[in-house]
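# A closer look at the structure
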Amino acid sequence: MSRLKTKELKEKFTFRVYYDDELNKIQKVIERYRQNFASLNDTLKFVILVGCDKLIGDNELNQSINFSEIRRYMKSVDERLEKIEGNQKINFVENQAEIIANQKLITLNTNILTKATEINLRSYTPEWKYTPNDEYELEEIKDKKAKEILCGR
């Protein structure tokens, strides 16, 4: 196959360089790679193609990095939400167990006081009414109720 003559080429690519620093960069590249090619046109074609590949590759790389960063960020958000959900479930169970234990203690104390004495509980101060006598028993009741809630009873 014969080489095309210049006037037979359908497209020509020309460019102008307006700044000295850009011209210096181009001249450095031409000096470095000129010995590898037969002509200045081949050298410029190689430089342009390498630049095109780099730009296209960087764009694809940047997009893949962006998607992987988004996936990694979303995964960390999911993990944090799972931890928060687990903590909320534990807090809910503990609160429910404590509420039930307190209700049971209040009911027990009220029944004991009303059966043992003819006391009017509304005539005493709230501090006196709600101060527990045995903290260990209260903790045992809370733990038992928490286990019941977790087991679904």
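From a predicted model like this one, the values you see are computed outputs, not experimental measurements. (Residues numbered from 1 in each chain as written. Predicted model: local features only at pLDDT ≥ 70, side-chain atom pairs only at ≥ 80, totals over all residues. Heavy atoms only, no water.)

## What about the overall build of the chain?
Scanning the chain from terminus to terminus reveals four helices and zero strands. Along the chain, helices (α) and strands (β) appear in the sequence α-α-α-α when read from the amino end. The 153 residues of the chain split such that 8% are buried. A separation of at least 24 residues holds for 48% of the contacts in the chain among residues at least 6 apart in sequence. Accessible area for the chain stands at about 14500 Å²; split by element, carbon and sulfur atoms hold 54% of it. (Helix = DSSP H or I, 4+ residues; strand = E, 2+ residues; numbered from the N terminus. Buried < 20%, exposed > 50% of the residue type's maximum accessible area, 1.4 Å probe, protein only. Contact = heavy atoms within 4.5 Å. Areas by Shrake-Rupley, 256 points an atom, 1.4 Å probe, with all protein chains shown as cover.)

## Remarks on a nonpolar patch on the surface
Judged by side-chain polarity, F67, I70, Y73 and M74 come together as a nonpolar surface patch covering roughly 450 Å² of accessible area. Within the secondary structure, M74 sits in helix α2 (residues 40-116). Classification of M74 by relative accessible area gives partly exposed; the value is 43%. (Patch = residues over 30% accessible without salt bridge, like charges linked within 9 Å, V, L, I, M, F, W, Y side chains within 5 Å. Salt bridge = Lys/Arg side-chain N within 4 Å of Asp/Glu carboxyl O.)

## Remarks on the packing of aromatic side chains
By convention here, two paired aromatic rings are described through the distance between centres and the angle between planes. This model, assessed by the stated rule, comprises two aromatic pairs. Taking 5.7 Å as the distance between ring centres and 55° as the angle between the ring planes, the aromatic pair formed by Y33 and F46 counts as tilted. Taken together, the positions of Y33 in helix α1 (residues 20-33) and F46 in helix α2 put the pair 13 residues apart, joining distant regions of the chain. Given the relative accessible area of 31%, F46 is considered partly exposed. A network of ring pairs unites the aromatic residues Y33, F37 and F46 as a single cluster. (Phe/Tyr/Trp six-rings, centres within 6.5 Å; stacked < 30°, edge-to-face > 60°.)

## So, the side chain of T43
Position of T43 relative to the elements: it lies in helix α2. Within the structure, T43 has its side chain in polar contact with the backbone oxygen of S39 (distance 3.0 Å). With near-sequence residues (within four places) excluded, T43 lies in contact with I30, Y33, R34 and F37. (Polar contact = N/O pair within 3.5 Å; in protein donor to acceptor, adjacent residues only side chain to side chain.)

## Observations concerning the environment of I99
One can find I99 in helix α2. The spatial distance from the C-alpha of I99 to the C-alpha of K145 is 9.3 Å, given a sequence separation of 46 residues.

## Considering the confidence of the model for the chain
A residue-level look at the chain finds 74% of positions with pLDDT of 70 or above and a mean pLDDT of 78. Of all secondary-structure elements in the chain, the lowest mean pLDDT belongs to helix α3 (residues 126-130), at 55, while α1 reaches the highest, 87. (pLDDT = per-residue confidence, 0-100.)

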